[in-house]
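Chain by chain, the residues:
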Amino acid sequence: MNTSATTPGQPGPGHSEGGGQDPAGLLARVARGDHAAYEVVYDQFAGPVYGLVRKVLRDPAQSEEVAQEVLLEVWRTASRFDPVRGSASSWVMTIAHRRAVDRVRSESAATAREQRLTPGPVSGDDVAELVETALDRQRVRRCLGALTPVQAESVKLAYYAGYSYPQVAKLLGIPLGTIKTRIRDGLIRLRDCMEVS
Amino acid sequence: MAAGHELHLLTGSYALDALPDNERAEFEKHLARCPSCAEEVRGLRETAARLALATAIAPPPELRARVLAAAPHIRQLPPAGRGPLSANGLRRLPLSRAGLSAGILVLAAALVFLLVTNFSTTQRLHQSQASNQAVAAVLAAPDARVASVPAAGGGTVTAVVSLRQREAVVTSAALPALPASEVYQLWVMTPAGAARSAGLLAVSLSGTAQPAVAGGVVPGDRLGITVEPSGGSPQPTTTPVVAMPVSA
């Protein structure tokens with residue numbers, strides 16, 4: 001996969017928290033109906049939103065539809081973004097992930113998806129195929145690599161495949177009580193690893 | 001209901017949207033009471049966002065034109081100010097069969113509550129925002145139903161019940177003010193006569209209760225409110241001012 005999520009000259013998300021491209025400042029302008037700001041927000045987040053939704057849903061057509069919903073939701077609800085409660089990336093990606101997971105768990109989608117996925121669960125490893133030179137990707141890859149195999153697998157299955165923790169437990173053959181701990185420990189280690197780097 | 005310690009372990013699953021719906025609602029109630037959990041969730045959400053950014057791929061080019069063309073035709077939400085229901089949990093509104101106007105009554109009550117209540121610390125604000133997600137989850141349930149009844153002694157109590165989620169959101173308008181030594185307490189009362197506390201109602205000077213979530217509600221139960229000594233009671237000690245039946 002050689003496509004770049006951002007066009008040249010535009011900083012990628014996660015690297016642009018300062019200056020005129022500051023996502024939080026842009027969202028404040030979007031909340032005031034500023035179309036130019038929304039275009040920049042689109043260019044910053046369309047790649048990650050589409051990538052994440054596609055990662056979870058797999059189906060390109062459905063992913064495009066959900067990504068469109070998410071991006072328009074960002075326009076519609078920009079006034080509700082509160083920088084005190086988290087970063088712009090976190091706000092947008094939370095909306096995107098929730099939407100994708102809602103879609104997965106709605107029954108019709110679940111059936112279709114199960115058929116596509118049988119046999120066997122996704123390994124979660126195919127995130128590697130997307131790894132390019134971007135700093136974020138290297139960091140994520142390195143930090144995921146620093147987890148125990150079970151921690152890494154459970155975080156990936158929960159987040160990238162959109163499985164609930166009971167489903168993750170079943171897929172990995174691990175007791176329910178244990179999986180909650182694995183997911184939390186894994187995510188905490190990821191957090192600490194990414195903070196350091 | 002799981003013990004607090006065990007619930008705390010769910011921060012990671014919650015941040016990854018990996019909780020089944022019923023557990024998510026329960027955990028969101030826990031979040032409202034657990035500032036350290038809320039803080040941890042916040043940090044873990046940031047970490048999850050990093051995982052998301054790593055998946056970026058170029059979307060189909062035509063998506064850009066479509067989205068940018070559609071946006072100007074979509075009305076934007078006004079700022080929510082410090083309204084408690086600005087939490088993103090509200091995304092799943094509108095209420096379906098529940099009757100939008102009654103839902104709005106509850107939302108309005110919540111907003112009024114915040115406006116008349118001085119939330120002096122950000123911690124309390126965080127707590128209220130987290131609890132709003134639990135409230136919003138009930139309001140957004142497809143089977144949500146609304147009922148309002150007058151309270152003995154004055155005022156009105158409104159409940160939104162989702163039997164599927166086994167939860168009810170209760171609020172009030174114009175409940176009489178109580179002396180400092182007394183509080184309003186919410187109960188889930190079973191047909192057999194047992195009562196389970198669903199917590200104290202935070203009632204403003206104008207008699208508006210901050211929406212409270214009662215869990216484990218099944219058909220045949222009643223939602224009751226009693227006046228209790230400050231701090232609440234393990235069991236009701238006075239005749240309920242309201243006892244709303246929950247029907248299927």
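Rules and cut-offs
- Residues numbered from 1 in each chain as written.
- Chains lettered and ligands numbered in written order.
- Predicted model: local features only at pLDDT ≥ 70, side-chain atom pairs only at ≥ 80, totals over all residues.
- Helix = DSSP H or I, 4+ residues; strand = E, 2+ residues; numbered from the N terminus.
- Buried ≥ 20, exposed ≤ 12 C-beta atoms within 10 Å, placed from the backbone.
- Contact = placed C-beta atoms within 7 Å.
- pLDDT = per-residue confidence, 0-100.
- Pairing = 2+ DSSP bridges.
- Axes fitted to C-alpha atoms, helices over the stretch in contact; angles between N-to-C directions.
- Nonpolar A, V, L, I, M, F, W, Y, C, P; charged D, E, K, R; others polar.
- Core = buried A, V, L, I, M, F, W, Y, C linked by C-beta atoms within 7 Å.

Draft legend 1. Expanded view of the overall build of chain B. The secondary structure content of chain B amounts to 7 helices and 8 strands. Each of the 248 residues in chain B was classed as buried or not, and the buried ones make up 47%. In chain B, the share of contacts with a sequence separation of at least 24, taken over all contacts with a separation of at least 6, comes to 66%.

Draft legend 2. Seen up close, the confidence of the model for chain B. Residue and element names in this part refer to chain B. For chain B, per-residue confidence averages 78 on the pLDDT scale, and residues scoring 70 or more make up 74% of the total. Model confidence for chain B, summarised as mean pLDDT per element, is weakest for helix 6 (residues 100-116) at 47 and strongest for helix 2 (residues 11-15) at 96. Low confidence marks residues 82-101, where pLDDT is under 50. Its contacts with residues over four positions away, or in another chain, come to 43 contacts. Throughout residues 110-128 the model reports pLDDT below 50, and contacts reaching past four residues in sequence, or to other chains, amount to 29 contacts.

Draft legend 3. Looking closely at the pairing of strand 6 (residues 209-214) of chain B. Residue and element names in this part refer to chain B. The buried fraction of strand 6 is high, at 6 of 6 residues. One ladder, built from 4 bridges, connects strand 3 (residues 167-173) with strand 6; its direction is antiparallel. Bridge pairing in strand 6 links Ala168 to Ala214.

Draft legend 4. Representation of the confidence of the model for chain A in the model. Residues and elements named next belong to chain A. Overall, the predicted model of chain A reaches an average pLDDT of 80, with 74% of residues at or above 70. Considering each helix and strand of chain A separately, the mean pLDDT is smallest for helix 5 (residues 107-117), with a value of 50, and largest for helix 7 (residues 149-159), with 96. Scored below 50 in pLDDT, residues 1-19 shows 36 contacts in the model against residues more than four places distant or in partner chains. Taken together, the stretch residues 115-133 has pLDDT below 50 and engages in 23 contacts with residues farther than four places along the chain or on a different chain.

Draft legend 5. Quick look at the sheet that holds strand 2 (residues 156-162) of chain B. Residue and element names in this part refer to chain B. If you trace the 4 strands from one edge of the open sheet to the other, you get 1-2-3-6, paired in antiparallel fashion. Each edge of the open sheet is held by one strand with a lone partner, namely strand 1 (145-150) and strand 6. Neighbour-to-neighbour, the strand axes of the sheet open up by a mean angle of 20°, direction not taken into account. Sheet topology note: the strand 1/strand 2 ladder contains 6 bridges and is antiparallel. Across the sheet, residue Pro150 finds its bridge partner in strand 2, namely Thr156.

Draft legend 6. Expanded view of the interface of chain A and chain B. With 63 residues of chain A at the interface, the matching set in chain B holds 46 residues. Here the side of chain A that touches chain B gets 12 residues from one element, more than from any other, and that element is helix 2 (residues 35-57) of chain A. Here the side of chain A that touches chain B is built from residues that sort into 32 nonpolar, 18 polar and 13 charged.

Draft legend 7. Up close: the environment of Arg184(A). Here Arg184(A) shows up in helix 9 (residues 176-196). A C-alpha to C-alpha distance of 9.6 Å links Arg184(A) and Ser154(A), two positions 30 residues apart in sequence. Once you skip the residues sitting within four places of it in the chain, Arg184(A) turns out to touch Leu9(B), Thr11(B) and Gly12(B).

Draft legend 8. The nonpolar core, seen in detail. Counting residues in each nonpolar core, the largest one holds 74 residues, and the members touching the most others are Val49(A), Val53(A), Ala96(A) and Ala158(A). Beyond its immediate chain neighbours, meaning those up to four positions away, Val53(A) contacts Ser63(A), Val66(A), Ala67(A), Val70(A), Ala96(A) and Ala100(A). In terms of nonpolar packing, the next biggest core, distinct from the first, is built from 34 residues, Ala144(B), Val157(B), Val169(B) and Val188(B) among them.

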